[in-house]
Amino acid sequence: RQLQDEAHAHNRFVIGLGYEYLQTNQNGKLKRENRIGADGTGRHRPGAGFLVTDRNRLEFRWVNGAYNFRYRNKPTLERVLRVRKLQLTPYVSGELFWDRNHHSWNENQYSLGVQLPYKNRLMLDTYYLHENCTTCSQQHVNVFGLTLSLYFELKKKGP
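What you see is a predicted model, and the numbers here were worked out from it, not measured in a lab.

Participant: Could you clarify how one ought to interpret the state of the cysteines in this entry?
Facilitator: Covalently bonding the sulfur atom of one cysteine to the sulfur atom of another cysteine gives a disulfide. Per the stated rule, a full pass over the model turns up one disulfide. Covalent S-S linkage joins Cys133 and Cys136, the inter-sulfur distance amounting to 2.0 Å. Taking the torsion about the sulfur-sulfur bond, which here is approximately 70°, the covalent link between Cys133 and Cys136 counts as right-handed.

Participant: It is not clear to me how the pairing of strand β9 (residues 140-150) should be interpreted in this structure. Could you clarify?
Facilitator: For a regular strand, the rule is simple: side chains alternate between the two faces of the sheet. In the sheet, strand β8 (residues 122-133) pairs with β9 via eleven bridges, with the strands oriented antiparallel. When the sheet's bridge partners are listed, Asn132 is paired in β9 with His140. Count of turn residues in the β8/β9 antiparallel hairpin: six residues.

Participant: Looking at this structure, I do not really get the environment of Leu148. What am I missing?
Facilitator: Relative to the elements of secondary structure, Leu148 occurs in strand β9. The exposure class of Leu148 is exposed, given its relative accessible area of 56%. Apart from residues no more than four positions distant in its own chain, Leu148 is found in contact with Leu122 and Met123.

What counts and how
- Numbers given to residues run from 1 along each chain, matching the order in which its sequence is written.
- Only residues with pLDDT of at least 70 get local features here, since the model is predicted, and only at 80 or more are side-chain atom pairs given and counted; chain-wide, interface and lining totals rely on the full set of residues.
- Calculated side-chain values reflect all of the structure's heavy atoms, with hydrogen atoms and water omitted.
- In plain terms, two cysteine sulfur atoms within 2.5 Å form what is called a disulfide here.
- Only strands that DSSP links by at least two bridges are regarded as paired with each other.
- Runs of H or I in DSSP of at least four residues are treated as helices and runs of E of at least two as strands, each being numbered from the N terminus.
- The cut-offs for exposure are 20% and 50% of the maximum accessible area for each residue type, with area from a 1.4 Å probe on protein chains only; residues under the lower value are buried, those over the upper are exposed, and the others partly exposed.
- The contact criterion used throughout is that any non-hydrogen atoms of two residues lie within 4.5 Å.

Structure follows, in structure tokens:
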């Protein structure tokens, strides 16, 4: 997130497109999911070093071949801290999900974590996430996780 923040330091709105393939096995049932997503993220700096973002995502999903659509809204609050030579970014976020097939706000997630960048190329994100879902087989999930992100820069060709 800090590396993304530096790359988009002057942008108040960031747009993203993506594709995800997920395969999960829960209680012996295999689930395959294809997602196409479009994000729009508003960014605001209220002062005191804080960054507030509000990501809005549209997801077009095919779960075991069945189509579904989902809207997700995720506000996040973060602040970069420096401790001697170490830079870290603690954050807190919440996310609400609206599901077309259930015609309801059926899921929410809350997370807190710390991101540790390394030389503008790597980011280690450690986090805790709690999920509530009224229409899922497992209604409450707690996750402790690590995400390692790699960043690549594409150089612009000269005129």
